[in-house]
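Read off the chains here:
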Amino acid sequence: MSHRMTRLGGALLLETAGEFFLIGNLKRPTAFPAAGFTPPPQPIDALARPFIRLERASATPIAGPFVDLGDRTTGAALATVLAERLVVARNGSVSDRLWRLLFDGDPDADPPPADAVIDARYLVEIPTHLWNIVRDTVLKCT
């Protein structure tokens, strides 16, 4: 079973093995019930906790586009890897440039359509030291 990720309120929403994780800080107010989730019981602070578990409240469809992460890593271990790779350490927000890079290799590209599913298994499989080169290059201010 593949695991997938999308965005929710500017943070990442990871679905893995029947669990849901919110990774990074929200960038805008988010109505969790409208998205099919119970509001988190604690405040979201990705600097203190890079991810939290979300409880599904309804079968409301989850909006895409989606990133397919394969099935090698699951649960909190996968959420940890994604936080390390896509969340900006100084503010706890998800990097929009890194997110867009996953879809077509261009950090300045327009977002893909909502029904897109992109194979990004490499994001979990690439060695950390190599991803850090990519990350640093994309996040570098020009």
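The coordinates are above.
Only a predicted model underlies this, so the values are computations on that prediction, with no experimental measurement involved.

Asker: Please explain the pairing of strand 1 (residues 4–8) as it appears in this structure.
Answerer: Along any regular strand the residues' side chains alternate between the sheet's two faces. The buried fraction of strand 1 is high, at 4 of 5 residues. When strand 1 meets strand 2 (residues 11–16), the two strands line up antiparallel, connected through 5 bridges. When the bridges of strand 2 are listed, Thr 6 appears paired with Leu 13. Taking the residues that link successive antiparallel strands as the turn, the strand 1-strand 2 hairpin has 2 residues, and the phi of Gly 9 there is positive, at about 65°. Examined bridge by bridge, strand 1 and strand 5 (residues 66–68) share 2 bridges and lie antiparallel to one another. Within the sheet, the bridge partner assigned to Met 5 lies in strand 5 and is Val 67.

Asker: Would you mind showing me how to read the side chain of Thr 16 here?
Answerer: Mapping Thr 16 onto the fold places it in strand 2. Of note is the side chain of Thr 16, whose polar atom sits 3.1 Å from the backbone nitrogen of Gly 75. Apart from the residues lying within four places of it in its own chain, the contact partners of Thr 16 are His 3, Phe 21, Thr 74, Gly 75 and Leu 78.

Asker: Any chance you could explain the pattern of salt bridges here in plain terms?
Answerer: Opposite charge on two side chains permits them to pair, given that their charged atoms come into close proximity. If you walk through the whole model with that rule in mind, you get 6 salt bridges. For Arg 7, the salt bridge identified is with Asp 96, shortest N-O distance 3.0 Å. Residue Arg 7 is found in strand 1, and its partner Asp 96 is found in helix 2 (residues 96–104); the two are separated by 89 residues along the sequence. Exposure remark for Asp 96: the relative accessible area of 32% places this residue in the partly exposed category. Notably, a salt bridge pairs Glu 19 with Arg 53, separated by 2.8 Å at the nearest N-O pair. With Glu 19 in strand 3 (residues 19–23) and Arg 53 in strand 4 (residues 51–54), this residue pair connects regions lying 34 residues apart in the sequence. Classification of Glu 19 as partly exposed rests on a relative accessible area of 27%.

The rules we used
- Residues numbered from 1 in each chain as written.
- Predicted model: local features only at pLDDT ≥ 70, side-chain atom pairs only at ≥ 80, totals over all residues.
- Heavy atoms only, no water.
- Buried < 20%, exposed > 50% of the residue type's maximum accessible area, 1.4 Å probe, protein only.
- Helix = DSSP H or I, 4+ residues; strand = E, 2+ residues; numbered from the N terminus.
- Pairing = 2+ DSSP bridges.
- Polar contact = N/O pair within 3.5 Å; in protein donor to acceptor, adjacent residues only side chain to side chain.
- Contact = heavy atoms within 4.5 Å.
- Salt bridge = Lys/Arg side-chain N within 4 Å of Asp/Glu carboxyl O.

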